[in-house]
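Chain by chain, the residues:
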Amino acid sequence: MARDPRYDLLFTPVRIGPVTAKNRFFQVPHCNGMGHAMPLAHAAMREVKAEGGWAVISTEECEIHPSSDLTPYVEARLWDDRDIPALALMSDKVHAHGALAALELSHNGPTASNLYSREVLIAPSHQPTKYGYPAQARAMDLHDIREYRRWHREAAIRGKRAGMDIIYVYAGHDLSLAMHFLQRRRNQRTDEYGGSLENRVRLLREVLQDTKDAVGDTCGVALRFATEELLGPGGMELNEARDIVGMLAEIPDLWDVNVAAWYNDSLPSRFAAEGAQEPFIDFVKKTTSKPVVGVGRFTSPDTMVSQIKRGVLDLIGAARPSIADPFLPKKIEEGRIDDIRECIGCNICVSGDMTVSPIRCTQNPTMGEEWRKDWHPEKIPVRRSESRVLVVGAGPAGLEAARALGQRGYEVNVAEARKELGGRVTRESRLPGLSEWARVRDWRVSQIGKLQNVSVYQDSQLTAQDVLDFGAEHVVLATGCHWRRDGYGRSNGLGIAGFADSDRIFTPDDIMDGRLPQGRVVIFDDDYFYLGSVIAEALRKHGCEVVYLTADDTIASWSVHTLDYRHIQVRMAELEVDQVVSHNIVGLEGTTLSLEHVWSGKPRTLECDAVVAITARLPDDALYQSLLSRQQEWTDAGIRSARCIGDALAPGLIAHAVYEGHRYARELDADPTGDVVFKRHFHTD
């Protein structure tokens with residue numbers, strides 16, 4: 001299929017100092033939870049993106065010295081020469097596909113932890129640390145500043161020896177000394193490195209020049225710079241950023257610009273649309289002759305072309321879109337726009353770094369599994385038998401299983417009980433701010449539509465007898481789950497008195513089905529993620545007075561891992577949603593909720609017209625259990641296996657369901673032992 005000529009601009013080369021990017025697709029630095037601890041997995045993940053057509057592939061932030069230790073977070077590392085081979089592995093993999101490798105050097109100063117190295121943290125001025133133990137970072141003297149410059153220079157040289165083509169100087173996200181010296185709230189110095197803006201910029205200018213002197217003959221030198229922190233005068237503001245860009249305009253070979261902190265840079269789709277950073281970065285290209293890269297969760301090639309033609313960017317930066325679809329550039333190049341697996345902006349990828357575990361993605365179940373399971377986002381082994389597969393349920397697990405099985409070549413039939421496809425994805429995507437989550441359904445339905453060996457039947461409720469009569473050798477039960485109404489959950493292992501028989505109790509299923517309460521509604525969130533706040537928003541729009549109640553010490557606490565938390569708090573304040581935290585429900589009688597403070601045990605009451613209970617879910621596995629009870633009939637019916645997957649097995653995130661559907665498809669007709677086998681970096685044999 002030929003490329004649409006409207007997108008030819010995206011495939012023109014861009015010069016970055018002494019090196020040239022073959023096109024305008026630039027995977028900016030992003031964390032992945034593998035880094036220095038899992039170098040083979042890290043290299044394989046980056047390699048797949050290079051194979052997918054990205055012209056530049058960057059590492060995550062890379063520690064340059066033991067005093068910049070980020071433990072427990074697993075990032076890249078270049079403390080000394082022993083760290084070179086791990087990064088050289090990535091460079092070699094990236095170069096094999098004609099892409100450039102970029103290295104983001106970083107010393108995080110007071111926002112490091114040094115939990116492993118136990119070095120004393122350093123900062124522009126004496127100040128409390130941000131992570132790790134409750135301690136303080138010491139103020140750097142002039143000798144420390146010279147040492148920092150030396151560490152950075154030596155790390156840049158090591159990066160060059162590792163085969164890197166672009167070396168970053170990092171001044172963004174409130175995560176680097178170079179930025180900390182710029183910030184008035186962190187820099188209270190009175191010497192030549194503090195006070196005036198020119199003095200606060202001094203260290204960044206010196207490090208840029210040091211890096212160019214050290215490696216600029218063969219490596220491009222990039223500056224990653226946050227133009228706005230959205231903190232007012234205490235943070236980096238646009239007016240100062242304009243002056244800084246003007247001071248340094250022609251020194252770096254590339255400007256990589258964004259907003260800080262990470263929770264503003266990688267905003268969930270619920271709080272920001274594609275290209276949301278443009279108002280904060282569009283001035284940079286007007287100030288410098290050097291190429292500019294920026295991000296905006298770009299998934300549309302039309303938006304990408306617009307950014308370039310309007311003079312906003314020269315290169316299309318991406319982290320999350322490159323995770324959701326490592327082959328995004330190649331699909332545009334080959335005229336396969338409909339095949340792009342678009343990022344939904346859920347930030348499950350971010351949660352890998354935040355939970356100190358390998359990266360994962362709701363849309364792309366192969367992310368993080370490229371090396372240890374040999375999973376490729378575009379390739380999958382062909383079928384190993386002529387078996388037919390019946391998939392019952394067309395939610396995220398069932399759709400992904402059917403799509404991947406069809407790609408393998410199996411004959412697949414999908415039976416969905418509802419009149420619409422997508423299961424929980426379809427229903428949740430109708431809630432405020434979650435419309436882009438429908439991409440999980442839409443991409444899979446579109447891909448299935450191109451497979452002649454996959455048939456989908458809607459409004460098809462099956463019984464166990466129907467399944468036995470169907471004649472498929474393998475049966476996949478992806479029938480989903482439902483929310484409990486009795487209050488059982490994390491905080492109430494025996495349920496809540498008065499819930500089960502009350503018509504005042506609503507569940508998320510009721511809300512998604514359009515059955516909405518009236519009046520004063522208490523949302524009891526025992527789930528701790530996004531759903532409580534989304535339902536609160538829906539009910540406020542419906543005209544309800546809303547009280548957000550949780551036994552946790554704050555609302556939506558797990559959303560800190562996906563960078564939602566601060567934005568949820570702001571949204572709840574804007575909507576005037578009252579919060580009652582650290583309180584559990586003892587019981588409900590009429591319109592009165594009896595509460596108990598989880599720490600003091602002090603009782604109180606709360607009047608309400610209804611309660612939305614977000615507590616726990618139960619698998620909808622009745623069909624599977626019915627089949628199991630008739631297992632003696634399987635052989636005669638030709639059934640070789642029946643498996644429950646996704647929420648029908650164990651309710652979880654949408655990402656879990658997609659992964660389980662993909663895993664089922666990969667493992668069908670594989671080793672029957674059922675053992676989970678994947679490569680490990682370290683072992684004893």
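The structure we're discussing is the one just above.
Right, let's walk through the structure included here. (Residues numbered from 1 in each chain as written. Predicted model: local features only at pLDDT ≥ 70, side-chain atom pairs only at ≥ 80, totals over all residues. Heavy atoms only, no water.)

Of note, H656 is situated in helix α23 (residues 654-667). The sequence separation of H656 and R360 amounts to 296 residues, and the corresponding C-alpha distance is 9.6 Å. (Helix = DSSP H or I, 4+ residues; strand = E, 2+ residues; numbered from the N terminus.)

This part takes up helix α21 (residues 622-629). By the burial criterion, the buried members of α21 are L623, Y624 and L627. The buried residues of α21 occupy an angular sector of 100° when projected down its axis, which confines them to one face. Exposed and facing more than 90 degrees away from the buried side of α21 are A622 and S629. Each element contacted by the buried residues of α21 is listed here: β15 (388-392), α17 (464-470), β18 (474-477), α22 (634-637) and β29 (641-644). (Buried < 20%, exposed > 50% of the residue type's maximum accessible area, 1.4 Å probe, protein only. Arc of directions from axis to C-beta. Contact = heavy atoms within 4.5 Å.)

Below, the discussion takes up the packing of aromatic side chains. Under the counting rule described, the total for this entry stands at 10 aromatic pairs. With a centroid separation of 5.4 Å and an interplanar angle of 50°, the aromatic rings of F11 and F25 are classed as tilted. Note that F11 is positioned in the segment before β1 (14-16) and F25 in strand β3 (residues 25-27), a separation of 14 residues in sequence. For the residue pair F11 and F25, the accessibility class agrees, reading buried in each case. A ring pair is formed by F529 and W558, whose centres lie 4.9 Å apart and whose planes are at 80°; its orientation type is edge-to-face. In this pair, F529 sits in the loop between β21 (520-525) and α19 (531-541) while W558 sits in the loop between β22 (545-549) and α20 (565-574), placing the two residues 29 residues apart along the sequence. Judged by relative accessible area, which is 8%, F529 ranks as buried. Ring-pair connections join several aromatic residues into one group, and the members of that group are W437, F529, Y530 and W558. When the ring centre of W79 is taken as origin, the NZ or CZ atom of R77, which lies over that ring, is 4.0 Å away. Above the plane of the ring of F283 lies R242, whose end atom (NZ or CZ) is 4.8 Å from the centre. (Phe/Tyr/Trp six-rings, centres within 6.5 Å; stacked < 30°, edge-to-face > 60°. Lys NZ or Arg CZ within 6 Å of the ring centre and 35° of its normal.)

Quick look at the pairing of β18 now. Along β18, one buried face is formed by H474 and V476 and the opposite face, lined by V475 and L477, is buried too. As paired elements, β15 and β18 share 4 bridges and run parallel to each other. Opposite L390, over in β18, you have V475 as the bridge partner. Pairing geometry for β18 and β29, over 4 bridges, is parallel. Bridging from a neighbouring strand, V475 pairs with A642 of β29. (Pairing = 2+ DSSP bridges.)

Our focus in this paragraph is the packing of helix α14 (residues 396-408) against α23. In a packed pair of helices, the relevant descriptors are the angle between the two axes and the axis-to-axis distance. The interhelical angle for the contact between α14 and α23, taken along N-to-C directions, is 30°, at an axis separation of 7 Å. When the axes of α14 and α23 are compared, the pair comes out roughly parallel. Judged by the sense of rotation from one axis to the other, the crossing of α14 with α23 is right-handed. Contacts from P396, A397, E400, A401, R403, A404, L405 and R408 in α14 reach I654, A657, V658, G661, H662, Y664, A665, R666 and E667 in α23. Taken together, the residues of the contact of α14 with α23 break down into 10 nonpolar, 2 polar and 5 charged. (Axes fitted to C-alpha atoms, helices over the stretch in contact; angles between N-to-C directions. Parallel < 35°, antiparallel > 145°, perpendicular 65-115°, else oblique. Left-handed = near helix turned anticlockwise from the far one by under 90°. Nonpolar A, V, L, I, M, F, W, Y, C, P; charged D, E, K, R; others polar.)

So, about the sheet that holds strand β25 (residues 592-597). Taken together, 3 strands build an open sheet; the order of strands is β24-β25-β26 and the sheet is antiparallel. At either end of the open sheet lies a strand with only one pairing partner, and these are β24 (583-589) and β26 (603-607). Averaged over all pairs of adjacent strands, the angle between strand axes in this sheet comes to 30°, irrespective of strand direction. Pairing geometry for β24 and β25, over 6 bridges, is antiparallel. Among the inter-strand pairings, G587 is bridged to a residue of β25, identified as S594.

These figures capture arrangement, not role.
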